[in-house]
Every structure is written in C-alpha cells, then in structure tokens.
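Here's the letter readout for the chains.
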Amino acid sequence: MPKHIVAVVGRPNVGKSTFVNRIAQANDAIVHEMRGVTRDRSYHEADWNGMDFTLIDTGGIEMGNDDRFQGSIRDQAFAATEECDVILFLVDGKTGINADDEEVARVLRKSKTPVLLIVNKMDDPGNVNDIYEFYSLGLGDPWPVSSTHGHGTGDLLDELVNILRTIPEREEEDYSDAINVAIIGRPNAGKSSLTNALSNEQRSIVSDVAGTTRDAIDTIVHHDGQVYRLVDTAGLRRKSQIDEAVEYYGFVRAMRAIDRADVALLVIDATLGLTDQDQRVAGFAAERGCAMVIVLNKWDLVEGPEAKAAIRERIEERMGFVGYAPVIAISALTGKNLKRVWETIDQAYASFNRTISTSKLNNWLAELRDFGHNISKGKKILRLKYVTQTGICPPYITFFCNHPDIVDDNYTRYLENRLRKQFDFTGTPVRIKFKRKD
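The rules behind each value
- Residues numbered from 1 in each chain as written.
- Predicted model: local features only at pLDDT ≥ 70, side-chain atom pairs only at ≥ 80, totals over all residues.
- Heavy atoms only, no water.
- Helix = DSSP H or I, 4+ residues; strand = E, 2+ residues; numbered from the N terminus.
- Polar contact = N/O pair within 3.5 Å; in protein donor to acceptor, adjacent residues only side chain to side chain.
- Contact = heavy atoms within 4.5 Å.
- Pairing = 2+ DSSP bridges.
- Axes fitted to C-alpha atoms, helices over the stretch in contact; angles between N-to-C directions.
- Core = buried A, V, L, I, M, F, W, Y, C linked by side-chain atoms within 4.5 Å.
- Buried < 20%, exposed > 50% of the residue type's maximum accessible area, 1.4 Å probe, protein only.

(A) Inspection of the side chain of Thr 388 at higher detail. When you line up the elements, Thr 388 lands in strand E15 (residues 384–391). Reaching out from Thr 388, the side chain makes a polar contact with the side chain of Thr 358 at a distance of 3.0 Å. Dropping the residues within four chain positions of it, Thr 388 is found in contact with Thr 358, Leu 361, Tyr 396, Ile 397, Thr 398 and Phe 400.

Okay, structure coming up:
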C-alpha cells in the first residue's frame, strides 16, 4: 500500500530528530544538543495501528537568520511541507514561544495541508497548564508530548492516523528495480553538487563549508527509463579526525549507505588531486564489495593538459587496488560530461550483475591450462579442475582444485587479471574463491 508522508518542522533544537526517532522506533535521525545538526530533509519509515507512513525530518527553521546555511535549510523544510499529507509542527514546551515559532506558524496557517501543533519536552505529564500559551499560534489544540520519555505520543499518533485515513491514498511507485548509487568522497569534494546536478533539483544543501551534509540523503531519479536511488553521504574523514559526535554519526550513516549501494561514485576534487583520504574512502567501498566509478569533479578548474595528465597518472599509480573502476572527468557545477556519469553507472552495474556461463568459464580455464603458469609448494602442484560462478553483486568465481591451501595472493591476482581480460567486469570487484576437489 502506498505510504502517506508526514513532515516534521520547527525551529532548531526543539527535538525534531528525537521525535522522529521515537515515532520511527529507530536511530536513523542524528540527534545532538548542538543546534542545526539536521540540515537536509531525510526520510524515515514509521507505522501506528496498522497505518504505515513516512516521516520527513527537516532542518531547524530560523526565519530571521540569513547565515550561509539557513536559507537553504528553510527551503528544504518548506519543500517538505509541500510534498506531505500532514505537517507536525514542533515547539519547545520548556522555553515557550519565540519569534521563529510565530513566523513559522504564520506560514503554516496559510497551508492547505492539515497541521498538528506538538509541544515537545513536556517530560512531566502533570504540567498541562504549560501548553495554554501555544493556543496563540492559531493552529488549534496543542498536543503535549515528551519525545525523550514517550509521554503523549500514543494519543498524538491516534489523531495523526485518524487524519491520514481521511486522505486519499497516493499512487504506489515501485522502486524495487532501482539502482542504488552512493555518492561518496572526502568533505567538500562536490558530492551534493553532483547529486543535485544528476537529480536536476536542489535536493541536498550545497555549500563551500566542509561537512555540510550530515545525514545520508536518498533521492529517486528517473533517467532514460531506468530508476536510480542516489544517496548523498557525509564526507568521509579518518576516524582520528572526527572530533564532533555529530560528524561521527554522519560517518556511520555514510558507511550504511555504502553497505546498501550497488554502485559507489567516488568524487575526487580535481583541483586538489588525489589524496590519502580519497584512497581511504575508496578502500571503504572496495571492502564492502560494491561497484565503483571514480569521478574527477571540478575538472574545468584544472589548468592545462599537463596538470590533467598528472592527475590521471597519479590515480593509476595510487588506486591500483580499485583498478577496475573507470575514471571520468566532469564538472557538477556546469553540467559538463554528466551524461558520461549515467553511462558509466549503467556499465558498472551491468558488470556488478554479470553472469558468465559455466561452459564459457571452463573453456577459458582450458586455455589457461595450456598457456598459463601454475604454482607449487614442495611436492604439491596446484591443479585447477573446474570453475563456476557462484554469486553476483559482486560476481563470485569459485575454482575447484586439489590444493587450495597453496594458493597465494599473487596467483589470485593473476587469475583475476586473466578473467578481466577475457570477460568484461569493468567497474566491479570480482571475488575469487578456491575449494578442494580431489
């Protein structure tokens, strides 16, 4: 059944992410006492009394603040109210009403979408008198809750579900065949700009401040008949450099995004060239077995063919452990070469899912026996007797042999190179296993 969408809005630090985690019964939304932790809008699944719905957690709205993030945060929050069925407007029961609450309420009173006013941080259920001042916001009866302790959330959810049941169902969209694409890289490499360029909308907040993205943000994109789920992730740093708890949880979300990715786009800032951090980020994706494309962003800012050739040469030398990943140069800002990004994603995904028939593999193995080299250890001589593919995403190739214990890394790499020369596995890792067959 299609799910209704519920947006959670309010000024910073009223407990929106804590509330979302309480209702969704998960810890997907990043929670921290620092204001402004949530910036982009993020989506979380929830259910109550047999009704499934999606919660949108939004950044804190500060109407009078025009810092480098707040304008985009406001846009993201109000965009959420436009796509939802019900708006949950959270205010802080401890601090009372302030000017931002009044301004947000003024905007929401004009909305045709139903609004529930929620007074959060009412940790003592007996202090009901504290909610009366919130009637002045003109949004109906306030609902006192404690996101931390759960007080009042049951009654609120009963009312929410009653409203949702009166709203016509949305048409169900099937994204089961979507290609999951994680956009990864170190901070400030241009990941959010690339996400917005590929999705053709301002889905992620873009800034020249490193660490702008803190949650992993999903965006569904339809392109040339194929559905893609783009996940813009927080910039990945070395763990020793993660000095804020907020940034640590962003790191965890990014790793989860890589875990469920089919293809990882590793975004490298071409103006800085390849760094140790880029290599570490590539290592994270390689360990988790997803396909990979290396994207050299800001290519238009690299001056001269010699500088560009030096960057590519350094990548070839230093990124040999993911040598299967194609390298493309783009500009997310100008849109140059974005078509190549889609083509390379499709190519890597096809390799990621590729199945080679057992007969073709064993014909290749027969040729390998005739012309390839072998290994031995003492009196043991390795004999590869049979080969078959035993898995996909990524491809798993299993060799049955007499002495799997004498196979070393060099010989495994030799076999992988010969496999890649014979079969097209561009963009995907290949897992090779050896099993005994006497």
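(B) Spatial organisation of the pairing of strand E2 (residues 42–48). Here E2 pairs with strand E3 (residues 51–57) via seven bridges, running antiparallel. Of the residues in E3, the one forming a bridge with Glu 45 is Thr 54. Two successive antiparallel strands, E2 and E3, enclose a turn made up of two residues, where Asn 49 displays a positive phi of approximately 50 degrees.

(C) Seen up close, the sheet that holds strand E16 (residues 396–401). What the three strands build is an open sheet, ordered E15-E16-E17; its pairing is mixed. Looking along the sheet, the strands with just one partner apiece sit at the ends: E15 and strand E17 (431–436). Between one strand and the next, the sheet's axes are offset by a mean angle of 25 degrees, whatever the strand orientation. Pairing geometry for E15 and E16, over six bridges, is antiparallel. The partner of Gln 389 across the bridge, within E16, is Ile 397. Together, E15 and E16 form the strand contacts of helix H10 (residues 358–371), whose direction differs from that of E15 by roughly 145 degrees.

(D) Up close: the nonpolar core. Ranked by size, the top nonpolar core spans 28 residues in total, and within it Ile 184, Leu 266, Met 292, Leu 296, Ile 315 and Met 319 carry the most contacts. For this core, the secondary-structure elements that each account for two or more residues are strand E7 (179–184), helix H6 (245–259), strand E10 (263–269), helix H7 (276–287), strand E11 (291–297) and helix H8 (305–318). Top element by residues in this core is H7. It accounts for five residues. Those residues in contact with Ile 315 that lie beyond four places of it in its chain are Ile 268, Leu 274, Ile 294, Leu 296, Gly 320 and Val 327.

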